[in-house]
Amino acid sequence: MNIAFISTRIAGTDGVSLEIAKLATILRRLGHDYCFCAGELDADAAPGQLVPEMHFAHPEARWIHDHSFGATEAAPGLEERIAAQAARLTAALARFVEEQRVDMLFVQNALAIPMHVALGVALTDFIAATGIPTLAHNHDLAWERPRFTVNCIPGILARCFPPVLPSLRHLVINSLAQQALAARKGVEAVLLPNIFDFETAAPAMTPANADLRATLGLGSDHLLILQPTRVISRKGIELAIELVRRLRATQPRSRLLGKEPVLVISHHAGDEGFGYLEQLRAQAARAAVPIIYAAQHFSPQAEATAGRFTLWDAYVHADFVTYPSLIEGFGNALLETLYFRLPALVNRYPVYAADIAPLGFDLVEIDAAADPANLAAITSETVEAVVEAIMDPVRRRRMVESNYHLARQHFSFEAVTPLLASLIR
């Protein structure tokens with residue numbers, strides 16, 4: 001079959017784009033072809049069609065989004081502008097499906113989170129009109145994000161995010177979403193969690209990445225504490241800063257043999273503005289915590305570009321990983337951490353508590369609930385556990401090897417291939 005991945009963006013290192021690349025690899029191994037259609041595509045993307053108006057950052061999509069949420073009264077012309085953009089996108093989808101001879105759509109999050117309202121309407125209308133077989137892979141559902149609660153488009157959200165259609169099968173990445181879809185929509189969704197290619201050996205130190213620490217201004221007397229996420233508020237990075245502050249205190253510092261912990265943030269800010277980054281910098285300055293916002297040093301694509309490193313290079317050099325997220329659909333960066341055999345701190349966000357922790361992973365856990373200001377969640381016991389994970393080679397080895405094998409068992413390509421094969425036939 002020729003399967004078309006549809007999303008607002010299939011580019012860079014955001015979680016949805018990374019997951020699409022993994023699923024595409026599995027589909028190819030199963031003997032299928034695939035193509036892409038999105039508002040942004042990497043330069044080396046698979047065959048397909050770039051439709052700039054499909055991007056959530058397109059000016060018209062932004063206007064519609066900004067006037068749909070945060071108010072209960074619709075602005076003049078909102079309904080007409082949604083319909084007009086949806087009509088253009090429906091036509092673009094029809095051309096793409098015909099030109100690429102698409103047999104099945106694999107919609108990635110565009111029918112789940114209403115970042116692009118008109119695209120959700122267009123996809124719903126196109127699937128309903130054509131009956132084309134469709135898988136909707138829902139990473140973030142609208143009701144999971146408080147910012148979508150107040151809105152003036154309840155009818156569109158009810159009909160399109162997500163839609164219930166005869167030719168459409170829903171997939172979700174965690175059991176909480178699976179339960180919510182059943183309760184809210186009467187939909188029996190398939191659970192397809194985030195995955196990673198655990199069968200392929202992790203990258204190592206190479207001449208191309210050997211100078212990463214020096215590029216960041218770090219030496220052998222520093223500990224690289226890696227925060228491998230975008231800079232958005234739900235990532236709880238305040239808690240990572242507090243951990244580093246506590247690690248730099250007198251007693252833990254002596255336990256770390258005088259090495260200086262530094263927090264390195266690898267991903268970009270800007271998806272939700274730059275205010276949160278400035279807030280973090282102010283917190284770090286007050287706490288005398290060195291943080292390095294290093295997004296400019298890392299390629300926005302999965303592969304290295306001129307003068308930039310890949311995200312994998314950051315893991316190769318990291319001593320410890322912080323993952324204090326308040327909300328996650330699953331946890332791509334956590335799987336990456338386990339793959340690179342690194343110890344980590346994780347906040348017990350709801351999906352972690354429901355779907356990951358019960359499997360027996362050995363991580364330093366905190367419970368900050370959904371409050372990034374709950375810095376007291378970084379306790380003395382937390383600091384002690386982190387120091388031990390960094391400095392005790394026996395403890396560290398036991399942690400990371402156990403975690404790697406558990407992750408491979410549950411979240412590898414091998415683990416989900418039979419499920420995907422059964423869905424695409």
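See the structure above.
Predicted model only: the values in this text are computed from it and were never measured.

Caption draft 1: Quick look at the packing of helix α3 (residues 78–100) against helix α4 (residues 117–130). Interaxial distance between α3 and α4 falls to 8 Å at its minimum, and their mutual angle equals 55°. In this view, α3 runs oblique relative to α4, as classed from their interaxial angle. Considering how the two elements wind past one another, α3 and α4 form a crossing that is right-handed. Each of Ile82, Gln85, Ala86, Leu89, Thr90, Leu93, Ala94 and Val97 in α3 lies in contact with α4, whose residues at this interface are Val117, Ala118, Leu119, Val121, Ala122, Leu123 and Phe126. Looking at the contact of α3 with α4 residue by residue, the classes come out as 13 nonpolar, two polar and no charged.

Caption draft 2: Spotlight on unusual backbone geometry. Note that the residue after Phe161, namely Pro162, is joined by a cis bond; omega there is -5°. Topologically, Pro162 is positioned in the loop between α5 (154–160) and β6 (168–172). Backbone geometry places Ala288, a non-glycine residue, at a positive phi of 55°. Judged by its relative accessible area of 52%, Ala288 falls in the exposed class. Of note in this structure, Ala369 is not a glycine but carries a positive phi near 55°. Locating Ala369 in the fold gives a position in the loop between β13 (364–366) and α14 (380–391).

Caption draft 3: Representation of the nonpolar core in the model. Counting 41 residues, the largest nonpolar core has Leu226, Val264, Tyr315, Tyr349, Tyr352, Phe361 and Leu363 as its most contacted members. Broken down by secondary-structure element, the contributors of at least two residues to this core are β8 (222–227), β9 (260–265), α11 (311–317), β11 (320–323), α12 (332–339), β12 (344–347), α13 (350–356) and α15 (393–411). If you tally residues by element for this core, the top one is α12, at five residues. The contact partners of Leu226, leaving out residues within four places of it in the chain, are Val264, Ser266, Ala314, Tyr315, Ala318, Phe320, Val321 and Thr322.

Caption draft 4: Local environment of the pattern of salt bridges. According to the stated counting rule, one finds 17 salt bridges in the structure shown. For the salt bridge of Glu19 with Lys22, the shortest nitrogen-to-oxygen distance reads 3.0 Å. Placement of both Glu19 and Lys22 in helix α1 (residues 15–29) is noted, with a separation of three residues, approximately one turn of the helix. There is no split in this pair, since Glu19 and Lys22 are both buried. Residue Asp125 pairs with Arg159 through a salt bridge whose shortest N-O separation is 2.9 Å.

Caption draft 5: Expanded view of the pairing of strand β2 (residues 33–38). Among the six residues that make up β2, five are buried, leaving the element largely enclosed by the rest of the structure. As paired strands, strand β1 (residues 2–6) and β2 are joined by five bridges and run parallel to one another. Note that in β2 the partner of Phe5 across the bridge is Phe36.

Caption draft 6: Spotlight on the sheet that holds strand β10 (residues 291–293). Judged by pairing direction, the sheet is parallel, and its six strands sit side by side in the order β10-β9-β8-β11-β12-β13 without closing on themselves. The strands lining the two open edges of the sheet, one partner per strand, are β10 and β13. Adjacent strand axes in the sheet meet at a mean angle of 25° when their direction is disregarded. Judged from the three bridges that link them, β12 and β13 form a sheet pairing that is parallel. Directly across from Leu345, in β13, lies its bridge partner Val364.

Each value, and the rule that gives it
- Residues numbered from 1 in each chain as written.
- Predicted model: local features only at pLDDT ≥ 70, side-chain atom pairs only at ≥ 80, totals over all residues.
- Heavy atoms only, no water.
- Axes fitted to C-alpha atoms, helices over the stretch in contact; angles between N-to-C directions.
- Helix = DSSP H or I, 4+ residues; strand = E, 2+ residues; numbered from the N terminus.
- Parallel < 35°, antiparallel > 145°, perpendicular 65-115°, else oblique.
- Left-handed = near helix turned anticlockwise from the far one by under 90°.
- Contact = heavy atoms within 4.5 Å.
- Nonpolar A, V, L, I, M, F, W, Y, C, P; charged D, E, K, R; others polar.
- Buried < 20%, exposed > 50% of the residue type's maximum accessible area, 1.4 Å probe, protein only.
- Core = buried A, V, L, I, M, F, W, Y, C linked by side-chain atoms within 4.5 Å.
- Salt bridge = Lys/Arg side-chain N within 4 Å of Asp/Glu carboxyl O.
- Pairing = 2+ DSSP bridges.

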